[in-house]
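Coordinates in review
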Amino acid sequence: MGRLLSYASGTSDVSLLGETIGANFEATTARFPDRPALVDRPSGRRWTYAELGRDVRRLARALLASGIEARDRIGIWSPNCAEWVLLQYATAMVGAILVNVNPSYRTHELEYVLNQSGIRMLVAASATGRADYPAMVAEVAPRCGALGEVVIIGTPGYDELVARSEAVDEEALDARAASLDPDDPINIQYTSGTTGFPKGATLSHHNILNNGYFVTELLGYDENDRVCLPVPFYHCFGMVMGNLGATAHGSCIVIPAPSFDPVATLETVVEERCTSLYGVPTMFIAELNDPGFSSYDLSSLRTGIMAGSPCPVEVMKRVISEMNMSEVAICYGMTETSPVSTQTRRDDDLDRRTATVGRVMPHLEVKVCDPATGAMVARGEPGELCTRGYSVMLGYFENPEATAEAIDAVGWMHTGDLAVMRDDGYVNIVGRIKDLVIRGGENIYPREIEEFLYRHPDIVDAQVIGVPDARYGEELCAWVQLREGAGALSAEDLRLFCEGQLAHYKIPRYVQVVEEFPMTVTGKVRKVEMRERSIALLGLEEVARERHA
Ligand code: AMP
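Residues numbered from 1 in each chain as written. Predicted model: local features only at pLDDT ≥ 70, side-chain atom pairs only at ≥ 80, totals over all residues. Heavy atoms only, no water.

**Points about the environment of Glu 401**
Using the following cut-off: Each helix is a run of H or I in the DSSP string that is no shorter than four residues. Each strand is a run of E no shorter than two, and both are numbered from the N terminus. Using a 1.4 Å probe on the protein chains alone, a residue whose accessible area is under 20% of its type maximum counts as buried, one over 50% counts as exposed, and one in between counts as partly exposed.
Checked against the element boundaries, Glu 401 lands in helix 14 (residues 400-406). For Glu 401, a relative accessible area of 55% gives the class exposed. The spatial distance from the C-alpha of Glu 401 to the C-alpha of Ala 131 is 35 Å, given a sequence separation of 270 residues.

Now the structure itself:
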């Protein structure tokens, strides 16, 4: 008998859901009308499931009254807030495709996604201290042909939108909802592309409803759970594992703050008696290291999720022992797979729960292949992780070439992540084949930054890499070659050049001016060597040795 191959298929007694998001949501509102559904701590507003169901339906009727057809694209560009959640379910009920726009995006990125997905209506946040969303929309709108309407949350324009619902009756909404198919596209999420342009992962009701449902099924959610969500809604972590995972089981969504704030998160867990807490590793690190950490009573916590980037073993152990999250899980996945492919189980032993990313999810398949030949490797050997099943996206929006590169002819999504499947089927993430940096849970494709840096008048060539960082997991480091006669270029100079046009997390923390890049004989830049040299130059050896799941 040969060695066991790196293939696993997830079995379950619980069947997949065959309904739309709207149907699933309405079933929950009917089942748990009086249970808490949503708490928006910054504004102090609360909804029971009956109230949330009523407000979602009202907003959905308003969208019908605005002439929104099934498959029209509606964009949401806002930090976390209750309106984000309302719009998520209202768009799902009328079959409009919700396009998540990263609230850190600035004009360059916003204009691209508005045009690429043909957004017809954009719902955006009002101006905050950190970003003037209305002004940025106004700046790019003349160059965005499909954009017919912009609605700003918290202004009379938003109330006027909701008031349009009067013109449409409940039966019209039911008729629209009944006409939808679970396999219809319902959500587009932009992931940075290797080409320098973001690609719109297009996800169906079936994709994301089931993924949210099974992630929280494995955490044992019911109508008594209260889920604290400091993770962004614009990403699957918030809107799928968080929102859909909660509403599919009648649990309560708790919004601690518009964007991550360790103190607001800890206070919310205490005040709202949350049972579950999510975060990328960076968030848990910030909470554990908060000066007041030991004063918070976290005894209500039971479970939660760490995911999104490599999870340090030691941080997981502290989350279990110091945050009372005895049933916390690690999830691994990507937007293109709705997102979760593997997850640790509540009853796994400590080693499996802290030092692996778990095993295959119910109803999915994963395998590990030799990236060069595509052949499955033996258990214990590294290769590219691939996922197949209900969670694989419909495709990249209007980009069949990119879709064909990512999903092969027999349905496997090639993740670009390097993994090892152990003999027991548990998986370790050991690296990446794709040129991707993950800073504090935010994905950055170096190619996109490099292309942006070429616009700088003094830069003739640029190469961007990730270097290890104790707080963010990775930080960006740019190696640049300057034109002859150019003066020095500091990290501060580069920041000023990028600010306002690029999301803050894409601005390199370190800059090194070099004469040349290390190259292979075939003329490829050796990023592995650049990384090693940068680690030495910046004195990051100790962080680089940290162990991950
Ligand atoms: P995104 O599409 O933003 O969800 O990012 C997906 C990528 O994040 C994956 O392809 C991985 O490289 C990385 N990732 C997500 N979860 C984990 C994890 N638990 N451990 C290591 N890397 C992860």
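**Digging into the site of the ligand**
Test applied: Near residues are defined by distance, with any heavy atom within 4 Å of the molecule or strand qualifying the residue. Think of a polar contact as two N or O atoms within 3.5 Å of one another; within protein, one of them needs to be a possible hydrogen donor and the other a possible acceptor, and neighboring residues in sequence only count if both atoms come from side chains. Surface accessibility follows the Shrake-Rupley procedure with a 1.4 Å probe radius. Residue values consider only the protein chains on display as shielding.
Taken together, the neighbourhood of the ligand is formed by 18 residues, with Cys 331, Thr 335, Asp 417, Lys 434 and Asn 443 sitting nearest. In this structure, a nitrogen atom belonging to the ligand sits 2.9 Å away from a main-chain N or O atom of Cys 331. One of the side-chain nitrogen or oxygen atoms of Thr 335 is found 2.7 Å away from an oxygen atom of the ligand. Protein chains bury 95% of the 490 Å² of accessible surface belonging to the ligand in isolation. Listed by contribution, the elements that provide at least two residues to the shell around the ligand are strand 14 (329-333) and strand 21 (427-432).

**Some words on the pattern of salt bridges**
Rule in force here: For this analysis, a salt bridge means a side-chain nitrogen from Lys or Arg found within 4 Å of a carboxyl oxygen belonging to Asp or Glu.
Under the criterion given, the structure shown has 45 salt bridges. A salt bridge links Asp 225 to Arg 302, with the shortest nitrogen-to-oxygen separation between them at 3.1 Å. A residue pair is termed long-range when its members are at least 10 positions apart, and Asp 225 in the loop between helix 8 (205-218) and strand 10 (226-228) and Arg 302 in the loop between helix 11 (281-288) and strand 13 (303-307) qualify at 77 residues. Its relative accessible area of 4% is what places Asp 225 among the buried residues. When salt bridges with common partners are traced through the structure, they connect Glu 26, Arg 57, Arg 61, Glu 170 and Asp 174 into a single cluster.

**Considering the packing of aromatic side chains**
In plain terms, the rule: Any pair of Phe, Tyr and Trp rings, taking the six-membered ring for Trp, is counted once the centres come within 6.5 Å. Such a pair is stacked with planes under 30 degrees apart, edge-to-face with planes over 60 apart, and tilted for the rest. Geometrically, a lysine NZ or arginine CZ counts as sitting over a ring once it is within 6 Å of the ring centre and also within 35 degrees of the ring normal.
Applying the stated criterion to the full structure yields 7 aromatic pairs. Taken together, a centroid distance of 4.7 Å and an interplanar angle of 85° make the contact between Trp 77 and Tyr 133 edge-to-face. Here Tyr 133 lies in helix 5 (residues 133-140) and Trp 77 lies in strand 4 (residues 73-77), a separation of 56 residues in the sequence. The class of Tyr 133 is buried, set by a relative accessible area of 4%. Its end group placed over the ring of Tyr 426, Arg 352 keeps NZ or CZ at 5.1 Å from the ring centre. Here Arg 439 stacks its cationic end above the ring of Tyr 472, 3.9 Å away from the centre of that ring.

**Section: the sheet that holds strand 7 (residues 149-152)**
Two modes of strand pairing occur in sheets, parallel and antiparallel, and in both the strands are linked by backbone hydrogen bonds. Counted only if it meets this: Strand pairing follows a simple DSSP-based rule, namely that at least 2 bridges must link the two strands.
With mixed pairing, 7 strands are arranged side by side in an open sheet as 7-6-4-5-8-9-19. Looking at which strands have only one partner, the edges of the open sheet turn out to be strand 7 and strand 19 (395-396). Relative to strand 9 (residues 199-204), strand 8 (residues 185-191) runs antiparallel, the two sharing 6 bridges. By the bridge assignment for strand 9, Tyr 190 is matched with Gly 200.

**Regarding a nonpolar patch on the surface**
Where we set the bar: Two joining distances apply to patches: 9 Å for like charges and 5 Å for nonpolar side chains (Val, Leu, Ile, Met, Phe, Trp, Tyr), and every residue must have over 30% relative accessible area and no salt bridge.
The grouping of Leu 5, Tyr 7 and Met 376 at the surface amounts to a nonpolar patch, some 240 Å² of accessible area in total. Considering the arrangement of structural elements, one finds Tyr 7 in strand 1 (residues 7-9).

**A word on the nonpolar core**
How we decide: To form a nonpolar core, buried Ala, Val, Leu, Ile, Met, Phe, Trp, Tyr and Cys residues must be joined to one another through side-chain atoms within 4.5 Å.
In terms of nonpolar packing, the biggest core is built from 122 residues, with Val 123, Met 241, Tyr 278, Ile 305, Val 319 and Met 323 touching the most fellow members. If you tally residues by element for this core, the top one is helix 3 (residues 82-94), at 10 residues.

**Observations regarding the sheet that holds strand 18 (residues 382-389)**
Inclusion rule: Throughout, an axis means a line fitted to C-alpha atoms (over the contacting stretch in the case of helices), and angles, computed between N-to-C directions, take values from 0 to 180 degrees.
Strand order in this open sheet of 5 strands is 1-17-18-20-21, and the pairing throughout is antiparallel. Of all the strands in the sheet, just strand 1 and strand 21 have a single pairing partner and so form its edges. Averaged over all neighbouring strand pairs, the angle between strand axes comes to 35°, with direction disregarded.

**Section: helix 17 (residues 527-538)**
What counts here: Helix span is expected to be 1.5 Å times the residue number reduced by one. Note on contacts: a residue pair qualifies if any of its non-hydrogen atoms lie within 4.5 Å across the two residues.
Relative to the 16 Å expected for 12 residues at 1.5 Å per residue, helix 17 spans 16 Å between its end C-alpha atoms, a close match to the ideal helical length. Lining the buried residues of helix 17 we find helix 15 (446-453), strand 24 (459-469), strand 25 (473-482), strand 26 (510-513) and helix 18 (541-544).

**Quick look at unusual backbone geometry**
Put simply, Ser 338 and Pro 339 share a cis peptide bond, and its omega is 0°. Phi at Ser 338 is positive, roughly 70°, even though this residue is not glycine. Positionally, Ser 338 belongs in the loop between strand 14 and strand 15 (340-343). Unusually for a residue other than glycine, His 363 sits at a positive phi of about 70°. Take His 363: it is sitting in the loop between strand 16 (359-360) and strand 17 (364-369). Of the residues examined, His 363 reaches a relative accessible area of 27% and is grouped as partly exposed.

**Some remarks on the environment of Arg 54**
Position of Arg 54 relative to the elements: it lies in helix 2 (residues 49-65). For the pair Arg 54 and Gln 343, spaced 289 residues apart in sequence, the C-alpha to C-alpha distance is 34 Å.

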